[in-house]
Amino acid sequence: MHRLSVIIVNYKVKDLLLECLARVRRAAEGLDVEVFVVDNASFDGSAEAVATSFPDVNYIQSAENVGFAKANNIAIRKSDSQYILLLNPDLFIEDDTLRRVLAEADELENLGAIGVRMIDGDGKFLKESKRNRPTLWRSFCKIVGLTKLFPNSPLFASYYNVRLKESEKGRTDVLCGAFMLLNSAVLKEKALLPECYFMFGEDVDLSVSIVDAGFYNYYLPITVTHLKGKSSNHRSRAYYEAFYGSMSIYVDRHSRCPLAKALVRIAVKVIIAIKLINN
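Residues numbered from 1 in each chain as written. Predicted model: local features only at pLDDT ≥ 70, side-chain atom pairs only at ≥ 80, totals over all residues. Heavy atoms only, no water.

A short note on the nonpolar core
One finds Leu-4, Val-6, Leu-21, Leu-87, Ile-93, Ile-114 and Leu-181 to be the most contacted residues of the largest nonpolar core, which totals 42 residues. For this core, the element with the most residues is helix 1 (residues 14-27), which contributes 7 residues. Here Leu-21 is in contact with Ile-8, Val-35, Val-37, Val-50, Phe-54 and Val-57, once residues within four sequence places are set aside. (Core = buried A, V, L, I, M, F, W, Y, C linked by side-chain atoms within 4.5 Å. Buried < 20%, exposed > 50% of the residue type's maximum accessible area, 1.4 Å probe, protein only. Helix = DSSP H or I, 4+ residues; strand = E, 2+ residues; numbered from the N terminus. Contact = heavy atoms within 4.5 Å.)

Have a look at this one:
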């Protein structure tokens with residue numbers, strides 16, 4: 001059994017992937033780490049470039065774009081490690097990131113998963129690094145802009161875990177799939193990533209499932225850089241349908257209220273229509 005499996009899902013971001021892998025190789029020096037890349041039918045030269053520069057990487061070529069959750073699960077099933085790290089190709093770690101996170105993982109009580117302090121390319125803290133369990137109220141506040149107007153309010157900004165400071169280590173309900181270190185035993189015993197999500201939302205669902213199974217998710221103030229959005233098209237219909245549609249999937253899976261499910265479906269359709277008109 002390896003110490004760590006790093007899993008990266010690639011979709012037409014060859015240059016970012018190569019930089020990400022270079023950083024992983026430096027950070028993994030002296031550690032027992034296996035690396036998987038699952039390629040969602042990029043066919044952009046990524047496979048050849050990785051084979052040349054990183055021959056030790058387990059490169060899995062998919063004939064079609066199967067989505068983020070399913071692609072990760074393909075590699076998870078092949079992995080054999082104490083911990084599994086889901087890592088976006090547009091997320092850049094530092095040379096000591098893996099060593100520091102693994103050291104914490106060995107000491108944390110009842111560990112389910114770990115997330116870290118993410119910043120964007122301008123150094124701004126990304127609040128999705130630590131979030132609370134989604135509720136209709138929390139999601140409503142975020143969608144209509146109350147969260148942005150009152151960014152530190154436990155009432156209006158509770159979509160994010162504002163009670164836990166970005167400089168503090170602590171437990172949080174929801175972590176971001178761009179960097180999520182998972183206890184392999186918990187992941188494989190309880191559930192893999194829910195494949196009903198194509199892209200977006202599966203990290204929220206997985207985080208909640210881990211907590212509901214009795215384990216803890218932790219946020220660590222270890223900084224990494226997420227070049228947010230570099231691996232997806234933010235203005236396409238498919239993007240909006242995947243992003244906002246994930247809300248409907250989550251509510252369908254976790255709510256017992258038919259009215260709530262219906263209201264969310266309607267709201268999602270309206271939001272997508274507005275976004276497309278404003279493009």
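Here the narrative resumes, following the displayed structure.
A short note on the packing of aromatic side chains
One pass over the structure, following the stated rule, counts 6 aromatic pairs. Both rings, one in Tyr-159 and one in Tyr-160, keep their centres 5.2 Å apart while their planes meet at 85°; by these two values the pair is edge-to-face. Residues Tyr-159 and Tyr-160 agree in their burial class; the two are buried. Of note, Lys-142 hangs over the ring of Tyr-159, and the distance from its end group to the ring centre comes to 5.3 Å. Positioned over the ring face of Tyr-216 is Arg-171, at 3.5 Å from the centre of the ring. (Phe/Tyr/Trp six-rings, centres within 6.5 Å; stacked < 30°, edge-to-face > 60°. Lys NZ or Arg CZ within 6 Å of the ring centre and 35° of its normal.)

A short note on unusual backbone geometry
Phi at Lys-12 takes a positive value of approximately 60°, unusual for a residue other than glycine. With relative accessibility at 49%, the residue Lys-12 sits in the partly exposed group. You will see that Ala-41, though not glycine, has its phi angle at about 60°, which is positive. Topologically, Ala-41 is positioned in the loop between strand 2 (33-40) and helix 2 (46-53). When its relative accessible area of 14% is taken as the criterion, Ala-41 is described as buried.

Topic: the packing of helix 1 against helix 2
Where helix 1 meets helix 2, the axes come as close as 10 Å, and the angle between the chain directions of the two elements is 25°. Regarding the angle of helix 1 to helix 2, the classification is roughly parallel. Judged by the sense of rotation from one axis to the other, the crossing of helix 1 with helix 2 is right-handed. Contact residues: Lys-14, Leu-17, Leu-18, Leu-21 and Arg-25 in helix 1; Ser-46, Ala-49, Val-50 and Ser-53 in helix 2. Here the contact of helix 1 with helix 2 is built from residues that sort into 5 nonpolar, 2 polar and 2 charged. (Axes fitted to C-alpha atoms, helices over the stretch in contact; angles between N-to-C directions. Parallel < 35°, antiparallel > 145°, perpendicular 65-115°, else oblique. Left-handed = near helix turned anticlockwise from the far one by under 90°. Nonpolar A, V, L, I, M, F, W, Y, C, P; charged D, E, K, R; others polar.)

Regarding the environment of Asn-10
Residue placement: Asn-10 occurs in strand 1 (residues 2-10). Along the sequence, Asn-10 and Val-38 sit 28 residues apart, while their C-alpha atoms lie 6.1 Å from each other. When residues no more than four places from it in sequence are discounted, the contact partners of Asn-10 are Leu-17, Val-37, Val-38, Asp-39, Asn-40, Ser-42, Ser-46 and Tyr-59. Side-chain polar atoms of Asn-10 contact the side chain of Asp-39, separated by 2.8 Å. (Polar contact = N/O pair within 3.5 Å; in protein donor to acceptor, adjacent residues only side chain to side chain.)

Details of the packing of helix 9 (residues 237-254) against helix 10 (residues 258-278)
The relative placement of two packed helices comes down to the angle between their axes together with the axis-to-axis distance. It is at 9 Å that the axes of helix 9 and helix 10 come closest, and there the two elements cross at 170°. In terms of their interaxial angle, helix 9 and helix 10 are classed as roughly antiparallel. Only Ala-260, Lys-261, Val-264, Arg-265, Val-268, Ile-271, Ile-272, Lys-275 and Leu-276 of helix 10 make contact with helix 9, whose side of the interface consists of Arg-237, Tyr-240, Glu-241, Tyr-244, Gly-245, Met-247, Ser-248, Val-251 and Asp-252. Residues of the contact of helix 9 with helix 10, tallied by class, amount to 10 nonpolar, 2 polar and 6 charged.

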